[in-house]
Number of protein chains: 2
Amino acid sequence: MSGTLYGIGVGPGDPELITLKAHRILQTVPVVAWPAPLEGESLARKIAAPHITHAPQEVAIRMPLETAQFPDRSVYDHAAEEIGGHLESGRDVAALCEGDPFFYGSFMYLFGRVAPRFDVVIVPGISSLMAAAAALHAPLAARNDLMTVVPAPLPEADLSDAISRSDSVAIIKVGRHLAKVRRVLDDLGLAANAQYVAYATMTDQIVSPLSEITLEKAPYFSLILVHKRGVAWR
Amino acid sequence: MSGTLYGIGVGPGDPELITLKAHRILQTVPVVAWPAPLEGESLARKIAAPHITHAPQEVAIRMPLETAQFPDRSVYDHAAEEIGGHLESGRDVAALCEGDPFFYGSFMYLFGRVAPRFDVVIVPGISSLMAAAAALHAPLAARNDLMTVVPAPLPEADLSDAISRSDSVAIIKVGRHLAKVRRVLDDLGLAANAQYVAYATMTDQIVSPLSEITLEKAPYFSLILVHKRGVAWR
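Residues numbered from 1 in each chain as written. Chains lettered and ligands numbered in written order. Predicted model: local features only at pLDDT ≥ 70, side-chain atom pairs only at ≥ 80, totals over all residues. Heavy atoms only, no water.

1. Section: helix H1 (residues 20-28) of chain A
Restricting attention to buried positions, one finds in H1 of chain A the residues Leu 20, Lys 21, Ala 22, Ile 25 and Leu 26 of chain A. Packed against the buried residues of H1 of chain A are strand E1 (4-9), helix H2 (43-48), strand E4 (93-97) and strand E5 (119-123) of chain A together with helix H1 (20-28) of chain B. (Buried < 20%, exposed > 50% of the residue type's maximum accessible area, 1.4 Å probe, protein only. Helix = DSSP H or I, 4+ residues; strand = E, 2+ residues; numbered from the N terminus. Contact = heavy atoms within 4.5 Å.)

This is the structure:
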């Protein structure tokens, strides 16, 4: 019998923000796969480390950290082949995903290749969106709010349009687009409502009004929350 | 010393989709508060039941199930007073929240009343959004997708506008607005891309293309996911 691929959301950073289900699977799964930059450690593997107390086989899926618009297909072809070999031999594989597997995660490219041939179970994880709101003490949305997740690499006019039409926005993938995001929020008169979070729930977490952040470039793991009413419960 | 209020996300339904952190707090907390309909059981309390193995004091926060546009302030005033009494006496309180506490949850009204006077810690939970995507095997969003959470009670023109401008939408609070949502999706030529999930991760979970659902009215715990590209990884 073939093995099952588990897409495991390991949450935003704090190892305690993993689900009991993910924890249970990680305790015994014979093979663990994880994304990592071309060199250096895997954040997903680091978050999961306290939960993996046996010595599974490991599959590294290495790619550039700031995922390109169209990620290199060969990386996923290769990973799907290696993981497929384990599944064919009856070994379950847990693929670790930062946050949630299906929320802007690269896991979906692996999923697209493996799901047609093998059983896949997705174990949802805490998204950085919810973790950032918790850290900020700022509810994301209430009642009939229109809430939009806005990737900062979009063109300035698209950012402005999306933000102006929403009650609540979460701006993700800020990175080198920070100056552009500030400009858009200033133009819309929303700068005072913008809250910044980096490394939510990790030991180096930063939580601040965006106006007090003096960086030119935000870290990859940062996001900006803006609510038009200031706070959602108003 | 005063107690701490914990806003605990208990996740979408499967008791195993609670975090280790929530589990740890629930094991020992002296007071547990939970929302419930005017009569009958609390879903949040039911989800948390396997994790509460001692006998804490319990605070019921009862209100109409289909939360009105402006929830009754007196319910929260009352709950905040009762919970404040426990906190003042040094007893920690865990307030249970379906899904995530800060994602369209009624917990924020309690938070707004308690946070100015006492320490509050938010423990994020798995949202039904991520749980539905996992159940559907349908990634929510990829790359630079604009993703919008759209409450179905909005007027038809607003729904149409929000959906047409997004790459991916999650339509929440469908309930008696199902026919309107269908009409909007039909008009936009997106009906074939719409996926329906009810009671995600619960024992009575339903997962189906929307086109195969013949209900007139959707249950309160249902949502509809639509991606313009059909699947996000394309």
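What follows continues from the structure just given.
2. Things to note about the domain arrangement of chain A
The parts lose accessible area when they come together, and the size of an interface is often stated as this lost area. Residue and element names in this part refer to chain A. Entries for chain A in the domain assignment read domain 1 (4-126) and domain 2 (129-227). For domain 1 versus domain 2, the separation of C-alpha centres amounts to 27 Å. Between domain 1 and domain 2, the contact holds 11 residues from the first and 12 residues from the second. Between domain 1 and domain 2 we count 0 salt bridges in total. Along the lines of polarity and charge, the residues of the side of domain 1 that touches domain 2 split into 6 nonpolar, 2 polar and 3 charged. (Domains from an automatic or database assignment. Salt bridge = Lys/Arg side-chain N within 4 Å of Asp/Glu carboxyl O. Nonpolar A, V, L, I, M, F, W, Y, C, P; charged D, E, K, R; others polar.)

3. Quick look at the packing of aromatic side chains
Per the counting criterion, the structure on display carries 14 aromatic pairs over all chains. Consider the rings of Tyr 220 of chain A and Phe 221 of chain A, whose centres lie 5.2 Å apart with planes at 90 degrees: the pair is edge-to-face. Here Phe 107 of chain B and Phe 111 of chain B contribute two aromatic rings whose centre-to-centre distance is 6.3 Å and whose plane-to-plane angle is 45 degrees, an arrangement assigned as tilted. Here the residue Phe 107 of chain B and the residue Phe 111 of chain B both occupy positions in helix H4 (residues 107-114), the gap between them amounting to 4 residues, near one helical turn. Within the aromatic cluster, the residues linked to one another by ring pairs are Phe 102, Phe 107 and Phe 111 of chain A together with Trp 233 of chain B. (Phe/Tyr/Trp six-rings, centres within 6.5 Å; stacked < 30°, edge-to-face > 60°.)

4. Some words on the nonpolar core
The biggest cluster of nonpolar side chains holds 94 residues, and the ones touching the most others in it are Phe 107 of chain A together with Phe 107 of chain B. The contact partners of Phe 107 of chain B, leaving out residues within four places of it in the chain, are Leu 5, Gly 7, Ala 95, Cys 97, Pro 101, Phe 102, Val 120 and Ile 122 of chain B. Membership of the second largest hydrophobic core comes to 44 residues, among which are Ala 48 of chain A together with Leu 17, Leu 26 and Ala 36 of chain B. (Core = buried A, V, L, I, M, F, W, Y, C linked by side-chain atoms within 4.5 Å.)

5. A word on the relation of the copies chain A and chain B
Between the two copies, chain A and chain B, the superposition gives an RMSD of 0.0 Å; the rotation angle is 180 degrees and the shift along the axis is 0.0 Å. On this basis, the relationship between the two copies can be described by a two-fold rotation axis. Looking at the interface residues of chain A, 100% of them are also at the interface in chain B, so both copies use one shared face. (Least-squares fit on C-alpha atoms with pLDDT ≥ 70 in both.)

6. Some remarks on the pairing of strand E7 (residues 168-172) of chain B
Residue and element names in this part refer to chain B. Counting buried residues along E7, 5 of its 5 residues qualify, which places the element largely inside the surrounding structure. Two strands pair when backbone bridges link them, and strand E6 (residues 147-151) and E7 are joined in this way by 5 bridges, in the parallel orientation. Paired with Pro 151 across the bridge in E7 is Ile 172. Between the parallel elements E6 and E7, the chain passes through helix H6 (residues 156-164) in a crossover that is right-handed. Here E7 runs beside strand E10 (residues 222-227); their pairing, made up of 4 bridges, is antiparallel. Each residue of the ladder has a partner; that of Ala 170, found in E10, is Leu 225. (Pairing = 2+ DSSP bridges. Right-handed = clockwise from strand over helix to strand, strands pointing away.)

7. Overview of the sheet that holds strand E8 (residues 194-198) of chain A
Strand order in the open sheet formed by 10 strands is E9(A)-E8(A)-E10(A)-E7(A)-E6(A)-E6(B)-E7(B)-E10(B)-E8(B)-E9(B), with mixed pairing between adjacent strands. What marks the edges here is a single partner per strand, and that holds for strand E9 (206-209) of chain A together with strand E9 (206-209) of chain B. With direction set aside, neighbouring strand axes in the sheet form an average angle of 15 degrees. Pairing analysis gives 5 bridges linking strand E8 (residues 194-198) of chain B to E10 of chain B, with the strands arranged antiparallel. When the sheet's bridge partners are listed, Ala 194 of chain B is paired in E10 of chain B with Val 226 of chain B. Along the sheet, helix H5 (residues 128-136) of chain A contacts strand E6 (147-151), strand E7 (168-172), E8, E9 and strand E10 (222-227) of chain A; its crossing angle with E10 of chain A, the most-contacted strand, is approximately 65 degrees. (Axes fitted to C-alpha atoms, helices over the stretch in contact; angles between N-to-C directions.)

8. Things to note about the packing of helix H6 (residues 156-164) of chain A against helix H7 (residues 178-187) of chain A
Residue and element names in this part refer to chain A. Contact pair H6 / H7: the axes reach a minimum separation of 10 Å and the direction vectors enclose 45 degrees. As far as their axial angle goes, H7 and H6 are oblique. For the pair H6 and H7, the sense of crossing is right-handed. Across the interface between the two elements, Glu 156, Leu 159, Ser 160 and Ile 163 from H6 touch Lys 180, Val 181, Arg 183, Val 184 and Leu 185 from H7. Across the contact of H6 with H7, the residue classes tally to 5 nonpolar, 1 polar and 3 charged. (Parallel < 35°, antiparallel > 145°, perpendicular 65-115°, else oblique. Left-handed = near helix turned anticlockwise from the far one by under 90°.)

9. A closer look at the sheet that holds strand E3 (residues 57-62) of chain A
All names here are of chain A. Taken together, 5 strands build an open sheet; the order of strands is E3-E2-E4-E1-E5 and the sheet is parallel. The open sheet has two edge strands, E3 and E5, and neither has a second partner. Strand-to-strand twist of the sheet, defined as the mean angle between neighbouring strand axes without regard to direction, takes the value 20 degrees. For E1 and E4, the ladder comprises 5 bridges, and the chain directions are parallel. Considered in E4, the bridge of Leu 5 is made with Val 93.

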